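# Summary of the model geometry
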Amino acid sequence: MIKSVDLTKVFRTEEVETTALNKVSFEIKEGEFVAIMGPSGCGKSTLLNILGLLDNPSGGEYVFLEQEVSNYSEKQRANLRKKNIGFVFQNFNLIDELSVFENIELPLIYLGFSASERKKRVEEVLEQMQIMHRKNHFPLQLSGGQQQRVAVCRAVVAKPHIILADEPTGNLDSTHGDEVMNLLETLNKNGTTIIMVTHSQRDASYAQRVIRLFDGQIVTEDKATEFVLSSTTQ
Amino acid sequence: MLKNYITTAWRNMRRSGLYAAISIICLTLGITGAVLVTMYLNHELSYDTHHKHHESIYRMEGVYNMAGTTHHLAITPFPLGIAMDLEFSEVEAYTRFFLQEDVLVKVREDQFREDGFVYADSMVFDVFTHHFLHGQAAGALSEPNTVVLNRSLSKKYFGNENPVGKTLEINQETFTVTAVVEDLPDNTHFKYGGMLSMVSGDHEQFFSLNPELFWNININYTYLKLHKDHSMESLMEKMDAFYEKYVNPMGETFGASAAYLATPLRETHFASVQMAPESSSRATLLIFSVVALFLVIIASINYTNLSTARASKRSREIGIRKVSGASQGQLLTQFLSESILVAFVSLVFSMMIMEILLPFFNSLTGKTFSLLNLFHGSILAQVLLITLITGIAAGIYPALVLSRMNPSLIVKGVPATHGRSGLLRKVLVVFQFAISIVLVVGTLTVQDQLRFLQNKPLGFARENKAVISLQGAQIRQRAEAIENSIRQNPLVLNTAKSFSVPGRDHNLNAVKVETETEMAEGAIAVNYIDHQFVDMMEITLKEGRGFDRRMRAEAGSAALVNQSAVQKFGWHENPIGKQIQRNFNQEGQPQSILRVVGVLDDFHFLSLKNPIDPIMLILPENPSIYRYLVVEYLEGTHAEVIPFLESVIREFDQSRIPEIVPLTQPFFQEFEAEKNMGKVFGFFALITIIISFMGLFGLSSFTIEQRKKEIGIRKVLGSSSGRVLKLLFKEYSRLILIALLIASPVAWFLMVRWLEDFVYQISMSFAPIVIAGALAFAIAMATVSYHTLKASRLNPVDTIRAE
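Summary of the structure given here. Keep in mind the model is a prediction, meaning the values are calculated, not measured.

## A word on the interface of chain A and chain B
- Taken together, the 28 residues of chain A in the interface contact 25 residues of chain B.
- Across the chain A to chain B interface the summed buried area is about 2500 Å²; carbon plus sulfur atoms make up 53%.
- Applying the counting rule to chain A against chain B returns 1 salt bridge.
- When the shortest N-O distance is used, the salt bridge between Glu102 of chain A and Arg11 of chain B registers 2.5 Å.
- On inspection of chain A and its partner chain B, the count reaches 4 residue pairs in polar contact (both at pLDDT 80 or more).
- No other element matches helix H3 (residues 100-110) of chain A, which puts 6 residues into the side of chain A that touches chain B.
- Residue composition of the side of chain A that touches chain B, grouped by class: 13 nonpolar, 5 polar and 10 charged.

See below:
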């Protein structure tokens, strides 16, 4: 489903050049739950952005759903992204000016769903996530756990192939954190591929395997049974 | 999707309170200006289009050349229309309007003084389109002493009755009403209320083709309607033979020539011609349009500035929308629809403001606009289009900036940086202030120039003098008796009679003047005065003597001339005794010969718009020629003297309403257009200053909000509030200084060009620029210091922690 070969990302400012990812290669199969771990600044989020088609790599290949996308334009990426990827962020990233319902329906709007279809789908996920009673509330009126549940609703409402979660429990206490992890686990069991960046060993334990990054390179992998590690150091 | 955009926009506006309010207020002001100007432009460009045949109607104008002086007049001799109709098959119909000013109308017991009467040819209704309320066009003005009234006059004289067949007395002649027509709309260049049949009264001269009458020009306007498929150009090509036949032979006897021009009816409103009934200038339209355009631009700038400044506040939303699948195009549409929404909200507010501003705008423009005008014709579509364009112009840059943001950075909470848009904001602030400065300099310069003209010495004593119009032959013959009655009043110091008074029209005589070698052709203005006139007006005698009461023969044979005449005729050596010949007969023989007895200092006998031309003052042979009586009274007694003068005039003529005005009135009236222009400048300058001020207020509030942490750190490190203030002052002063540097030469250039149109002008000074610059600095500093002081008074611990 996802394959990266020598994926590299370099950030340049006027004076400094930082290599955030250094020839990272791996493969993720459909239906997997993979955690990416590593210390701050190791390139986890950069990798997630590239995997999520929010950014292009500086070098290497990135094959997403059998398409080589590393040189796709913003428009092409947006098109592919909106059909296939759902995002969950540490800071929830809900739009404060929109209600719970309006936040969740956002991806459906950009996919061109009719109003009635949107209503049906949003209510489905609201039921599923048990926050129907909050549908007309605004994000700032909800607890952190509830906000993250809304964010998960938004991530799954368009039924994407993959969910990318960036520290999904980082801003939650352990009870709410477990709640969210259980949600992700359930989604994975129902066939959704999940890639999650986390600091938490506890969260990582939900994953089937863990990719560990250090200084932009893959250093190790746990529970690795089906995927090939190929990290080159210079 | 649109609902989602509008919902977000609306909630965003509510959340951002101050900034949304500033954007809306500024756009409201900008759109208000633009809508007012749109109404004005539509009105101005629609002049006379209500006439069905307006495209084939022309006004004839005369260009007269006399002794090197050219006059382009909208008035024409009586025979011109008849002769052109006779000579050119292209002419389908013609009509003349012989303007009658100060007409006395008597209806039963009531009397009215009217200015809106004309003698008109019976073909007037073939040329111009009138809507008949009573009676009909055919034959309405064919019979002698018939009159067609407009709705207003009909109502004024006869109430709601149908007046057709009724009679009224006009200047002591009885006329029968044959029809009533609808009032002419406001956008008509020549507004008349009553049309008298041209075949009335002493009408022989109206229908004679006597060549002499081609040189006898009354306030008579000639309009031609051409047959379809005929062009005025081809007609004008055949005019040479016409001049030879009718005009040139007589003109040659006194060295004058004439040519006629045809102005298309729609253009007459803009034709800059002497004696035109009412005209406007395209330059005014252009100034209005440019100023309105500037208003919209600077209002849009505020929106652009505040939106880009606040981009980081929206960046999370943009990131979320992008990861949710929004394309750049969709985000662009979202932000543009937001700015368009703001523009339309502003339009609603601007309607409310217009309701308040319209009376003021109407007084400036002399029009009668109402909000209902917006719904006429295509104006509404234009207004909506302006609003849409304003919305797009204001929103396009922020939309581009916002929609291009990189979602990968934004969603991680990294604030978007705007190095380039920061510079752009500064550029836009500079631009705004530059425009404000130009308008302030413009306002101050216009005021300076008007003050200069109002205080300019006129070469005669103008204070404490009233001018009585001697109306009608009867009263003119009794001028001396009236004068004696007036002199009985101890408040009256002196009186003098004259044919014309300074500031009003003067006749121009074609003359031959004595030079060293020959009698040379020339032109000179003339005024007939009595013995007191020069002394009472305190016109300085430079050379020779004034008129002598003891020398009766001086009437019609002696002349006082001004210095301009001395210079023009080259009489530098000895002007006294020089001969002036005038009133030539068909053989070219002078009927009147004058000798110069004295030379006067130049004085402004015409408007200050003209340079001082040569003039001669003559004692008339016939004293009943005087049309004015000038009365000098004790200072401070104006309020008592005027009623007294009115009562004296009423004693002599009860049929008329006395017309008494201050001597200075024409001089004060003539610069009305410029005064209005000054007010328009001032009005728009005020709006631009408000918009610029509000823009800067919003922007500096935002900048300082962003720099709270910096201010906090500086304070922790020991900086005082004052030093923080100084730091920010410096930044904004630089922008204002740049604006001043850009605006000064532009304002200078524009105002020097504007002043060039005046014969008497101030020289451009730096004072208005200094004042405008100081004003801009003061406003900017007041704004910035308000926010800075507010921020620097905060506890630094809080501001640092908040970050």
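## Brief notes about the pairing of strand E21 (residues 590-600) of chain B
All names here are of chain B.
- As paired elements, strand E18 (residues 541-544) and E21 share 3 bridges and run antiparallel to each other. Bridging from a neighbouring strand, Glu543 pairs with Val599 of E21.
- Summarising the sheet, strand E19 (residues 558-562) and E21 pair through 5 bridges and their orientation is parallel. Bridge assignment links Asn562 to a residue of E21, and that residue is Leu600.
- As judged from the 5 bridges shared by strand E20 (residues 579-584) and E21, these two strands associate in the antiparallel manner. Counted as the bridge partner of Gln581 is Ile593 from E21.

## So, the pairing of strand E6 (residues 117-120) of chain B
All names here are of chain B.
- Residues Phe117 and Tyr119 line one face of E6 and the alternating positions Val118 and Ala120 line the opposite face, and both faces are buried.
- Relative to E6, strand E3 (residues 91-100) is paired through 4 bridges, and the arrangement is antiparallel. Note that in E6 the partner of Phe98 across the bridge is Tyr119.

## A look at the packing of aromatic side chains
Residues and elements named next belong to chain B.
- Scanning the entire structure with this criterion turns up 36 aromatic pairs over all chains.
- Both rings, one in Phe112 and one in Tyr157, keep their centres 5.0 Å apart while their planes meet at 45 degrees; by these two values the pair is tilted. Residue Phe112 is located in strand E5 (residues 110-114), and its partner Tyr157 is located in helix H5 (residues 151-158); the two are separated by 45 residues in the primary sequence.
- Residue class for Phe112 comes out buried when judged on its relative accessible area of 16%.
- Here Tyr157 falls in the buried class, since its relative accessible area comes to 4%.
- Aromatic pair Phe214 and Phe242: ring centres 6.2 Å apart, planes at 80 degrees, arrangement edge-to-face. With Phe214 in the loop between strand E11 (194-197) and strand E12 (220-226) and Phe242 in helix H7 (residues 239-253), this residue pair connects regions lying 28 residues apart in the sequence. Each member of the pair, Phe214 as well as Phe242, is classed as buried.
- Cluster of aromatic residues (ring-pair linked, three or more members): Phe88, Phe214, Phe242, Tyr243, Tyr246 and Tyr260.
- In this structure, Lys456 packs its charged tip against the face of Tyr760, placed 4.6 Å from the ring centre.
- Sitting above the plane of the Phe499 ring, Arg627 keeps its charged end 4.1 Å from the centroid.

## Remarks on the pattern of salt bridges
- Here the structure, examined in full by the defined rule, presents 33 salt bridges over all chains.
- Across the pair Asp55 of chain A and Lys9 of chain A runs a salt bridge, and its minimum N-O distance is 3.4 Å. Of this pair, Asp55 of chain A sits in the loop between helix H1 (44-51) and strand E4 (59-64) while Lys9 of chain A sits in strand E1 (residues 2-12), and the two are 46 residues apart along the sequence.
- The closest approach of N and O atoms between Glu17 of chain A and Arg12 of chain A, which form a salt bridge, is 3.0 Å.
- Among the ionic contacts, a cluster of salt bridges with common partners joins Glu483, Arg487, Lys497 and Asp530 of chain B.

## Observations regarding the packing of helix H5 (residues 144-156) of chain A against helix H6 (residues 174-189) of chain A
Residues and elements named next belong to chain A.
- The interhelical angle for the contact between H5 and H6, taken along N-to-C directions, is 15 degrees, at an axis separation of 9 Å. Overall, the two elements H5 and H6 adopt an arrangement that is roughly parallel. The two elements H5 and H6 cross, and the hand of that crossing is right-handed. Contacts from Gly145, Gln148, Arg149, Val152 and Val156 in H5 reach His176, Glu179, Val180, Leu183 and Leu187 in H6.
- Class assignment for the residues of the contact of H5 with H6 results in 5 nonpolar, 3 polar and 2 charged.

Each value, and the rule that gives it
Residues numbered from 1 in each chain as written. Chains lettered and ligands numbered in written order. Predicted model: local features only at pLDDT ≥ 70, side-chain atom pairs only at ≥ 80, totals over all residues. Heavy atoms only, no water. Contact = heavy atoms within 4.5 Å. Buried area = accessible area lost by both parts, 1.4 Å probe. Salt bridge = Lys/Arg side-chain N within 4 Å of Asp/Glu carboxyl O. Polar contact = N/O pair within 3.5 Å; in protein donor to acceptor, adjacent residues only side chain to side chain. Helix = DSSP H or I, 4+ residues; strand = E, 2+ residues; numbered from the N terminus. Nonpolar A, V, L, I, M, F, W, Y, C, P; charged D, E, K, R; others polar. Pairing = 2+ DSSP bridges. Buried < 20%, exposed > 50% of the residue type's maximum accessible area, 1.4 Å probe, protein only. Phe/Tyr/Trp six-rings, centres within 6.5 Å; stacked < 30°, edge-to-face > 60°. Lys NZ or Arg CZ within 6 Å of the ring centre and 35° of its normal. Axes fitted to C-alpha atoms, helices over the stretch in contact; angles between N-to-C directions. Parallel < 35°, antiparallel > 145°, perpendicular 65-115°, else oblique. Left-handed = near helix turned anticlockwise from the far one by under 90°.

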